[in-house]
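# Observations on the model geometry
Here is how the chains run, residue by residue.
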Amino acid sequence: MRTRVTRHILTVTALLSLVAVDPVLAQDSVVCEAEALPGMISGFFQITTALGIMGLVVVWQADSLVEMFTMNVDQKRDLKQHKHTALKSAVILVVLGPLYTVAGSVMGLPLAECVNLVPW
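A brief structural summary. As the structure is a prediction and not an experimental result, all values here were calculated from the model.

Cut-offs and rules
- Residues numbered from 1 in each chain as written.
- Predicted model: local features only at pLDDT ≥ 70, side-chain atom pairs only at ≥ 80, totals over all residues.
- Heavy atoms only, no water.
- Helix = DSSP H or I, 4+ residues; strand = E, 2+ residues; numbered from the N terminus.
- Polar contact = N/O pair within 3.5 Å; in protein donor to acceptor, adjacent residues only side chain to side chain.
- Contact = heavy atoms within 4.5 Å.
- Salt bridge = Lys/Arg side-chain N within 4 Å of Asp/Glu carboxyl O.
- Buried < 20%, exposed > 50% of the residue type's maximum accessible area, 1.4 Å probe, protein only.

Attention now goes to the side chain of threonine 49. Mapped onto the elements of the fold, threonine 49 is located in helix α3 (residues 37–68). One polar contact links the side chain of threonine 49 to the main-chain carbonyl oxygen of phenylalanine 45, over a distance of 2.8 Å. Beyond its immediate sequence surroundings of up to four residues, threonine 49 is in contact with Leu93, Val94 and Pro119.

Here it is, written out as structure tokens:
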């Protein structure tokens, strides 16, 4: 029963993607045609990236401070894992914009042509 439902969902998704993608590809990019929207999207991404990096610094410093006063080995391990997770999240946040900009321009995505997602 479960595989039947999954197969039905996959079939409907494949048919919709074949039918619905053609009209979308034929349209020009609405985002690029708007007057201030590309700049707003770029600014939002830059603010989000800056806040994410500042959040990383705050979490890193707080975890380091708590780690100094923690006596339990398990708690120290959990704090180090939390710091590692925060660092991975910040790296993904910083790499995602430039990666989309480069990959989007190579693949010909319309949003990548008019919106700069590089945070620096």
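A separate point is the pattern of salt bridges. Following the criterion strictly, the structure yields two salt bridges and no others. Between glutamate 67 and lysine 83 there is a salt bridge whose closest N-O contact spans 3.4 Å. Of the two residues, glutamate 67 is situated in helix α3 and lysine 83 in helix α4 (residues 73–107); the sequence distance between them amounts to 16 residues. Accessibility classification places glutamate 67 together with lysine 83 in one group, the buried group. Between aspartate 74 and arginine 77 there is a salt bridge, and its shortest N-O distance comes to 3.1 Å. Residue aspartate 74 and its partner arginine 77 are both found in helix α4; the two are separated by three residues, about one turn of the helix. Assessed through its relative accessible area of 39%, aspartate 74 is described here as partly exposed.

Any functional reading would require information that these geometric values do not contain.
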